[in-house]
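Breakdown of the fold
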Amino acid sequence: MKNGRLSEFAGRDGTRTVLASIVSILIGLVVGAIVVLIVGLTSDNITLTGVWEGIRLIFAGIFSTGRNAAGGLSFGFNPTNVGNMLFRATPVIMTGLSVAMAFKTGLFNIGAPGQYLMGTMASLMLALGIPSDVVPAGLVWIIAFLGGILAGAVWGSIPGLLKALLNINEVIACIMTNWIAANVVTWAFDVSNFKNLAENTKASYVYRTTYNGVQTPKFGLDELFPGSQVNGGILIAIVMAILIYILMNKTTLGYELRACGSNRHAARYAGIRDKRNIVLSMAIAGGLSGAGAALYYLSGNTEFFWNTYQSLPDTGFNGIPVALLAANNPIGVVFTGIFMSMLDIAGLQLTSLTAYNEYITDVIIAVIVYLSAFSLVIKTLISGRRKKKAVEVQTAAAVEDGSSGPAGPEAADSGPPDVPDPDIPEDAQSRKGGAEA
Amino acid sequence: MAAQPEYIIEMLHITKEFPGIVANDDITLRLRKGEIHALLGENGAGKSTLMSVLFGLYKPEAGEIRKNGEVVRIDDPNDATALGIGMVHQHFKLIDVFTVLDNIILGAESTKLGFLQRREARKKVEELSERYGLHVDLDAKVESITVGMQQRVEILKMLYRDNEILIFDEPTAVLTPQEIDELMETMRGFAREGKSILFISHKLNEIMAVSDRVTVLRKGRCVGTVDTKDTNKQALSNMMVGRPVQLEVNKSPARPGDTVLSVRDLTVPSRIHKKDAVHNVSFDVRSGEIVCVAGIDGNGQTELVYGITGLEKATAGHIDLCGHDISHASIRHRGENMSHIPEDRHKHGLILDFTLEQNLVLQRYKEPRFQRMGFIDRPNIRQYAEHLIEQYDVRSGQGPVTVVRSMSGGNQQKAIVARELDRDKALIVAVQPTRGLDVGAIEYIHSQLVAERDKGHAVLLVSLELDEVMSLSDRILVMYEGEIVGEFDPKKVTVEELGLYMAGAKRGNTGGESA
């Protein structure tokens, strides 16, 4: 009985998805450890002890508490690390949500970096431009946050419109709008009079919203994780993830959006306005990316160097592996987003405590990105093993009672031959015959 | 070890399993040299699997294949070709942008120093097409020739490879009655020449007309092999389904009422070519009658339905439905009085990755009973889905939560029929509602459509199957090149007569012939 429930749990699709993601992550970490090993062995200033320390930090960097009196690594709960992890997770959760939500509706939103940049620009300009001695800082924060969302949404809807009206592939349009965003943002800050804003002793061109007294409330998190940059942004991100989950799975609008994503023709056939929904999907996705930027830059801890923005923000691209690892489940995105920033923290620990540098964690992230694309394959492998077992059981049962209900795969023109045809049971014909009589 | 074994190919005790199903269970099939052997069975009976085993696409778990009495191994299609086995697949395996000649020689090109020897090949193909009366334009691109001609290309491909065992997988599905006759003649010619033919079909007329022997499969098992001359259609269909089947549609005369759908001068553009796919078409459908649009595939029937249902914008004309002008109405608005069983169940009819219950409310999720303030009411949808599944006998692995992709074609179609008929609309547009379905399912869907008619609904049926047209309809409209070229009473017209109109050889005034 207990065994039956366990195997039912293991056979569930969701379970397999989670397993596949965990396998991807583990392989990524192992590969990271191997890189640490190779680097350590080939470099003169890293001893074998150093290599071992590096490997331990790769797996458990988040629990690092520095070095003890004896000079060895010490581990334990480190509130600063955890707080910083949650802070860094916030924007990547949002871009992950953005990509995941677009994926669910059949769109590949590779435009998250551009939407993120536009969100950055709008929220910074609003947060710095509305004087907080006239308008309450809290209200400025809300305006800037909404402005970031709106800017991202507008930017996201451009590829959406091109796709809906002209059938231009959204991937291409997204890549182009990314670069347009990079240059628009550079130009806009360049011509703006924000250029000469400077805080304390910092040089200009650096924007920090605390200059105007605007920052995200902490909601007491700073006391939970003292010494870290954490703030209420992570809570907002989690709430957004839950809202997106509800939107996609519980509402008629979500049903429409997913219908368009799964089969645009069938959605149209059913009278669903497919074009509107494609634009709407991209706008929501863009808004989420914009919200991620707003939460990051309104935090009060972060600075924006506009003149370096000739490149696209990693946070936007990192949304893709975050979404893939979470199998596009909005709730899962929260966890994979936190995991990604945990790797970041591990990288920082590597840099500060050993002779390694943090780029090793980029290797790990890169491996995980590749593997997350393969996570479908891994999932199939996992289910393949299970299916084989199921067939053995089933054929054994069929031999016992002598009644198998074979239905040829030729009927399943809809799928590959390994998709079993579950219908046409033994009594199929007799029941229908009976109904007729 | 006789010099001339009785059978050229023997498939003995073939068993092929797929996860969860035994597709072929101990099947034995023996093919004599020079015979036309039909393989009959419903969808899912295992016909295609068995042929795929013979053609080397699947490896059987048990059983052996013999050629001329000797055991042979067929691991891939190349082995099959080497043994002289050729196959015309149901869906042609041609490269659209290649010429006919290039398609024929592809994979068996003769080369000299790496250069194609097209001239030699052309001579051989020309000889073959002359000898068997298979006329094709060797220099035309495949994309520009008719389906019937493409099939001839596939046949020539087999002949070019000197195959002597020819497998035809549902070859008549795409052909006109005249083309079917030609194909039958060609097949008989092959048999006379000593080639052996395996002919897969579920169409009893054709099997009775052309085959020497019939092997019937049911649910992966061999029901028996009979000589065609000793059997009849009824006996074969009973063998195939496993119970007595009603081949004729049982229906009383129609009692047409008010006009439900009125189409006037409708013109719909084509997605494929520059001309109009539907040109100035006018007709009415009244309540309580089944009007059937007959024609060869690609003569504008699809676009006519698109125009009526709103999937494509009409460029001219008027459509009135239940007295309202819907010429420019949205799809959802039209759906208020119309249900639509679409031609392509995978493209339009279903969202394959959604569950059955989600598919069953595809148009209705916004109705108050299925949602509350924009939130989907899962329990009510579940209840409704269970009700439909039971009433229409839709079979699936996990009931309402089955992912539709995993269901068989027949049950997918049943789900669509259930959904559309339950919406209870004044007009039902049904496009090839029984395509690819087996006798049992066809019987069921036909009876449902007649029941709808008797309830006083108007049915507009588009079908490529003349049998269906003749047995189901109360009025027949024939479409040819985007126009309606004749209107007939099914009781007063013959299949041959319809065929002439469908092929464009004859045309009459609308309504003229039936009177």
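Residues numbered from 1 in each chain as written. Chains lettered and ligands numbered in written order. Predicted model: local features only at pLDDT ≥ 70, side-chain atom pairs only at ≥ 80, totals over all residues. Heavy atoms only, no water.

1. Some points on the overall build of chain B
Helix and strand content of chain B: 17 helices and 24 strands. Scaling as 2.2 N^0.38, a compact globule of 515 residues should have a C-alpha radius of gyration of about 24 Å, and chain B matches this with 25 Å. Taken along its principal axes, the extent of the C-alpha atoms in chain B is 75 × 50 × 50 Å. Counting across all 515 residues of chain B, residues that qualify as buried make up 57%. Relative to all contacts within chain B whose residues are 6 or more apart in sequence, the contacts with residues 24 or more apart total 66%. Summed over its atoms, the accessible surface of chain B is roughly 21900 Å², and 48% of this surface lies on carbon and sulfur atoms. Within chain B, the 76 negative side-chain charges are centred at a point lying 2 Å from the centre of the 64 positive side-chain charges. (Helix = DSSP H or I, 4+ residues; strand = E, 2+ residues; numbered from the N terminus. Rg over C-alpha atoms; globule rule 2.2 N^0.38 Å. Buried < 20%, exposed > 50% of the residue type's maximum accessible area, 1.4 Å probe, protein only. Contact = heavy atoms within 4.5 Å. Areas by Shrake-Rupley, 256 points an atom, 1.4 Å probe, with all protein chains shown as cover. Lys, Arg positive; Asp, Glu negative; His and termini not counted. Charge placed at Lys NZ, Arg CZ, Asp CG, Glu CD.)

2. Let's talk about the packing of aromatic side chains
As enumerated under the stated definition, the model contains 9 aromatic pairs over all chains in all. On the basis of an interplanar angle of 85° and a centroid distance of 5.1 Å, the ring pair of A:Tyr296 and A:Tyr297 is categorised as edge-to-face. Between B:Phe488 and B:Tyr501, the aromatic rings sit 4.9 Å apart at their centres with planes inclined by 75°, giving edge-to-face as the arrangement. Highlighted residues: B:Phe488 in strand 24 (residues 483-488) and B:Tyr501 in helix 17 (residues 495-502), separated in sequence by 13 residues. Residue class for B:Tyr501 comes out buried when judged on its relative accessible area of 1%. Each member of the aromatic cluster is reached from another via a ring pair, and the members are A:Phe87, A:Tyr296 and A:Tyr297. Cation over ring: B:Lys124 sits above B:Tyr160, and NZ or CZ is 4.8 Å from the ring centre. (Phe/Tyr/Trp six-rings, centres within 6.5 Å; stacked < 30°, edge-to-face > 60°. Lys NZ or Arg CZ within 6 Å of the ring centre and 35° of its normal.)

3. Here's the deal with the packing of helix 5 (residues 112-129) of chain A against helix 7 (residues 170-191) of chain A
Residue and element names in this part refer to chain A. Helix 7 packs onto helix 5 with a crossing angle of 20° between their chain directions and a minimal axis gap of 7 Å. Judged by the angle between their axes, helix 5 and helix 7 are roughly parallel. Judged by the sense of rotation from one axis to the other, the crossing of helix 5 with helix 7 is left-handed. Side by side, helix 5 and helix 7 meet where Ala-112, Pro-113, Gly-114, Leu-117, Met-118, Met-121, Leu-124 and Met-125 of the first sit next to Asn-178, Ala-181, Ala-182, Val-184, Val-185, Ala-188 and Phe-189 of the second. (Axes fitted to C-alpha atoms, helices over the stretch in contact; angles between N-to-C directions. Parallel < 35°, antiparallel > 145°, perpendicular 65-115°, else oblique. Left-handed = near helix turned anticlockwise from the far one by under 90°.)

4. A short note on the domain arrangement of chain A
Residue and element names in this part refer to chain A. We note that the domain assignment places domain 1 (1-77 + 355-391) and domain 2 (90-341) within chain A. If you look at the interface, domain 1 gives 11 residues, while domain 2 gives 7 residues. The junction of domain 1 with domain 2 conceals about 780 Å² of combined surface from both sides, 82% of it contributed by carbon and sulfur atoms. Remark: the boundary between domain 1 and domain 2 carries 0 salt bridges. Counting across the domain 1 and domain 2 interface gives 0 residue pairs in polar contact (both at pLDDT 80 or more). Only helix 2 (13-42) and helix 15 (359-401) provide two or more residues apiece to the side of domain 1 that touches domain 2. Ranked by the residues each element gives to the side of domain 1 that touches domain 2, the list is headed by helix 15, at 6 residues. By residue class, the composition of the side of domain 1 that touches domain 2 is 6 nonpolar, 5 polar and no charged. (Domains from an automatic or database assignment. Buried area = accessible area lost by both parts, 1.4 Å probe. Salt bridge = Lys/Arg side-chain N within 4 Å of Asp/Glu carboxyl O. Polar contact = N/O pair within 3.5 Å; in protein donor to acceptor, adjacent residues only side chain to side chain. Nonpolar A, V, L, I, M, F, W, Y, C, P; charged D, E, K, R; others polar.)

5. Overview of the sheet that holds strand 16 (residues 316-321) of chain B
Residue and element names in this part refer to chain B. Strand order across the open sheet formed by 4 strands is 14-13-16-17, with antiparallel pairing between neighbours. With partners counted over all chains shown, the strands left at the sheet margins are strand 14 (276-286) and strand 17 (324-325), one partner each. Where strand 13 (residues 259-269) lies against strand 16, 5 bridges are found, and the strand directions are antiparallel. For Thr-267, the partnering residue across the bridge sits in strand 16 and is Ala-316. (Pairing = 2+ DSSP bridges.)

6. Points about the pattern of salt bridges
All names here are of chain B. One pass over the structure, following the stated rule, counts 41 salt bridges over all chains. Arg-32 is the partner of Glu-6 in a salt bridge, and the nearest nitrogen-oxygen pair spans 3.2 Å. Residue Glu-6 is located in the segment before strand 1 (7-18), and its partner Arg-32 is located in strand 2 (residues 21-32); the two are separated by 26 residues in the primary sequence. Judged by relative accessible area, Arg-32 falls into the partly exposed class, the value being 30%. In this structure, Asp-489 engages Lys-492 in a salt bridge whose closest nitrogen and oxygen atoms are separated by 3.9 Å. In the salt-bridge network here, residues are joined through shared partners; they are Lys-251, Arg-453, Asp-454 and Asp-474.

7. Notes on the packing of helix 13 (residues 314-325) of chain A against helix 14 (residues 330-353) of chain A
Residue and element names in this part refer to chain A. The interhelical angle for the contact between helix 13 and helix 14, taken along N-to-C directions, is 130°, at an axis separation of 8 Å. With respect to their mutual orientation, helix 13 and helix 14 come out oblique. Crossing of helix 13 against helix 14: the hand is right-handed. For the pair formed by helix 13 and helix 14, the contact residues are Pro-321, Val-322, Ala-323 and Leu-325 on the first element and Val-333, Thr-336, Gly-337 and Met-340 on the second.

8. Let's talk about the domain arrangement of chain B
Residues and elements named next belong to chain B. Here the domain parsing of chain B yields domain 1 (7-241), domain 2 (256-338 + 425-515) and domain 3 (353-424). Relative placement of domain 1 and domain 2: their C-alpha centres are 34 Å apart. Domain 1 puts 10 residues into the contact, and the matching count from domain 2 is 13 residues. In total, domain 1 and domain 2 occlude about 900 Å² of area from one another, counting both sides; carbon and sulfur atoms represent 56% of this. In this assembly, domain 1 and domain 2 are joined by 0 salt bridges. Counting across the domain 1 and domain 2 interface gives 1 residue pair in polar contact (both at pLDDT 80 or more). Listed by contribution, the elements that provide at least two residues to the side of domain 1 that touches domain 2 are helix 6 (177-192) and helix 8 (233-241). Along the lines of polarity and charge, the residues of the side of domain 1 that touches domain 2 split into 3 nonpolar, 5 polar and 2 charged.

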